[in-house]
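# What the coordinates show
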Amino acid sequence: NNFLDREHLSMARRATPRSEVRRPLVLGVLARLIWEKGIVELVQELAAVSGSWSDIHIAGEEEDPRYANAVRERIRSLKLSDRVHLLPHHRELGPFFDRVDALVVPSVGNEAQPTVVLEALAYRCPVVVRRTVWSEDFASLPVVSYSDARDLGSALEAVGPVPDVASELAQQFSAPQVVRVLVRAGNGS
């Protein structure tokens, strides 16, 4: 498990609850622009379900210039330049999560449990993840999974307001909890 530090966990308690989710959704992605993050694939999938969303804000460092260019080319070729917005890396997460209705984690590579999922939940922002990122740890949380364009539209429709999950995040994803899991694993129990 990844974990959230006390500061992020306290943000969960301060985040303004959303009473409803706007439709069509404003989506967000926080990821480095590298191949395993699946942004090119996500743009293609979003083109297939264009009625389910209005805009997407993709924020992250352009670590691989060839990939960043591939993302731009896919956006251009699908004529989505007015709806897909590439932004620089965001250090302040609150304003980013306030702007979007749901976070999408479209990773196609071998990812462990992305911390951004927990950060979004701390800010009471619902999360949609590609099935390869899904973890049983998310089973009781407002995290919806999808596998491809065919079910991305359904996953986006399933997005709803995030209840107060601060206690669950603290119990399941705090540093002391991760240490307890590691100690148990080291003892073979």
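Residues numbered from 1 in each chain as written. Predicted model: local features only at pLDDT ≥ 70, side-chain atom pairs only at ≥ 80, totals over all residues. Heavy atoms only, no water.

## Regarding the overall build of the protein
Our working definition: Each helix is a run of H or I in the DSSP string that is no shorter than four residues. Each strand is a run of E no shorter than two, and both are numbered from the N terminus. Exposure classes here rest on a 1.4 Å probe applied to the protein chains alone. A residue is buried below 20% of its type maximum, exposed above 50%, and partly exposed in between. In what follows, a contact means two residues having at least one pair of non-hydrogen atoms within 4.5 Å. Using the Shrake-Rupley algorithm and a 1.4 Å probe, accessible areas are obtained, with residue cover drawn only from the displayed protein chains.
A count of helical and extended segments in the protein gives eight helices and six strands. Each helix and strand of the protein, placed in order from N terminus to C terminus, yields the pattern α-β-α-β-α-β-α-β-α-β-β-α-α-α. Residues counted as buried form 49% of the 189 residues belonging to the protein. Taking as baseline every contact in the protein between residues at least 6 positions apart, the subset at least 24 positions apart corresponds to 78%. Here the protein displays about 9,400 Å² of accessible surface, and carbon together with sulfur accounts for 50% of that area.

## Looking at the packing of helix α2 (residues 39-48) against helix α3 (residues 65-77)
The relative placement of two packed helices is expressed as an angle between their axes plus a distance between the axes. Keep this limit in mind: Axes, fitted as lines to C-alpha atoms, cover a helix only where it is in contact. Angles between the N-to-C directions of the axes lie from 0 to 180 degrees. Convention used here: angles under 35 degrees read as roughly parallel, angles over 145 as roughly antiparallel, angles from 65 to 115 as roughly perpendicular, and any remaining angle as oblique. The classification used treats Ala, Val, Leu, Ile, Met, Phe, Trp, Tyr, Cys and Pro as nonpolar, Asp, Glu, Lys and Arg as charged, and all other residues, Gly among them, as polar.
For the pair α2 and α3, the least separation of the axes is 9 Å and the interaxial angle reads 5 degrees. Overall, the two elements α2 and α3 adopt an arrangement that is roughly parallel. Here α2 contributes I39, V40, E41, V43 and Q44 to the contact with α3, which in turn contributes Y67, A70, V71, R74 and I75. Partitioning the contact of α2 with α3 into residue classes produces seven nonpolar, one polar and two charged.

## Focus on the environment of P114
Among the secondary structure elements, P114 is positioned in the loop between β4 (102-105) and α5 (115-122). Of the residues examined, P114 reaches a relative accessible area of 9% and is grouped as buried. Separated by 15 residues in the primary sequence, P114 and V129 place their C-alpha atoms 9.9 Å from one another.

## Notes on the packing of α2 against helix α6 (residues 149-157)
Two elements in contact, α2 and α6, have axes separated by 9 Å at closest approach and are oriented at 75 degrees. Viewed along their axes, α2 and α6 adopt a mutual orientation that is roughly perpendicular. Contacts from L42, E45, L46 and A48 in α2 reach A149, L152 and L156 in α6. Among the residues making up the contact of α2 with α6, the classes are represented as six nonpolar, no polar and one charged.

## A look at the layout of surface pockets
Rules: Grid spacing is 1 Å over the protein atoms alone, the probe is 1.4 Å, and a cavity is where that probe fits but cannot get out, while a pocket is an open set with protein on both sides within 12 Å along at least five of seven lines and lining residues have an atom within 4 Å of a point. Grid points are joined across faces, edges and corners, and a volume is the space filled by probe spheres set on the points.
Of the voids in this model, the largest pocket is the one considered here, and its volume is about 360 Å³. Lining the largest pocket are 21 residues, and of these L30, A31, R32, H89 and V116 lie nearest its centre. Of all the secondary-structure elements, those providing two or more residues to the lining of the largest pocket are β1 (25-30), β4 and α5. The class makeup of the residues in the lining of the largest pocket is 10 nonpolar, five polar and six charged.

## Re the nonpolar core
Basically, it comes down to this: Residue types Ala, Val, Leu, Ile, Met, Phe, Trp, Tyr and Cys, when buried and joined through side-chain atoms within 4.5 Å, form a set referred to as a nonpolar core.
Counting residues in each nonpolar core, the largest one holds 29 residues, and the members touching the most others are L27, I39, L46 and I56. Among the secondary structure elements, those contributing two or more residues to this core are β1, α2, β2 (53-59), α3, β4 and α6. Among the elements that take part in this core, α2 stands out by supplying five residues, more than any other. Excluding its chain neighbours within four sequence positions, the residues that come into contact with I56 are L27, G28, V29, L42, L46, R83, V84 and H85. Counting residues in hydrophobic clusters, the runner-up holds 28 residues, among them F96, V100, L103 and C125.

Purely geometric numbers; function is a separate question.
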